[in-house]
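Each chain, written out:
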Amino acid sequence: MSSNKYWKCYFLCETDGVLHRFPNPQHNEERFNLWMKVLDSEMQKRGVQYIYNNMRLCDQHFELWYRTPSRKLTRNAFPTLNIALYDMTQPVLILDLLVNMVPEEVLCSLEDKSVRIEIYWTWK
Ligand SMILES: [Zn+2]
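All of these numbers come straight from a predicted model, not from anything done at the bench. (Residues numbered from 1 in each chain as written. Predicted model: local features only at pLDDT ≥ 70, side-chain atom pairs only at ≥ 80, totals over all residues.)

Here's the deal with the nonpolar core
- The biggest cluster of nonpolar side chains holds 15 residues, and the ones touching the most others in it are C9, Y10, W35, L39, L57, A77 and F78.
- Contributions of two or more residues to this core are made by α1 (29-36) and β2 (56-58).
- In this structure C9 touches T15, L19, R56, L57 and C58, once residues within four positions along its chain are discounted. (Core = buried A, V, L, I, M, F, W, Y, C linked by C-beta atoms within 7 Å. Buried ≥ 20, exposed ≤ 12 C-beta atoms within 10 Å, placed from the backbone. Helix = DSSP H or I, 4+ residues; strand = E, 2+ residues; numbered from the N terminus. Contact = placed C-beta atoms within 7 Å.)

What follows is the structure, given as structure tokens:
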């Protein structure tokens, strides 16, 4: 990924994996706000547009089930791994998120003696 020359994960991870842009705050404010929770308060003060333009998060902060085979993120993905939480209301938000989402697509596949089920969620 040549983009890594210009972008670094916000957490400065050593990675040659994919870097993910924040959700567009204009179209997806709720998700953007979830992502913003992982940023420190100084960074949050820089504002929505700055964060959207300049911040990236690498794969290491997203659960496997948020990643599609094409190395993109599902539409409900938000960072939960290897982060420092600055706002401890996050568990409430996750609950809120689950209540407000429905499965959009369920993929089943057979894998070597086990069944793999992938669920892609969407907003109600
Ligand atoms: Zn990272």
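Observations regarding unusual backbone geometry
- The backbone phi angle of L12 is positive, close to 55°, even though this residue is not glycine.
- By the secondary structure assignment, L12 is in the segment before β1 (19-21).
- On the neighbour-count criterion, L12 (8 C-beta atoms within 10 Å) is exposed.
- Of note in this structure, R71 is not a glycine but carries a positive phi near 70°.
- Relative to the elements of secondary structure, R71 occurs in the loop between β2 and α4 (90-99).
- A tally of 11 C-beta atoms within 10 Å means that R71 is categorised as exposed.

Observations regarding the environment of K8
- Residue position: K8 is located in the segment before β1.
- Judged by local crowding, K8 falls into the partly exposed class, with 15 C-beta atoms found within 10 Å.

Some thoughts on the environment of N33
- As for its position among the elements, N33 is in helix α1.
- Along the chain, N33 and F78 lie 45 residues apart, while their C-alpha atoms are 9.6 Å from each other.

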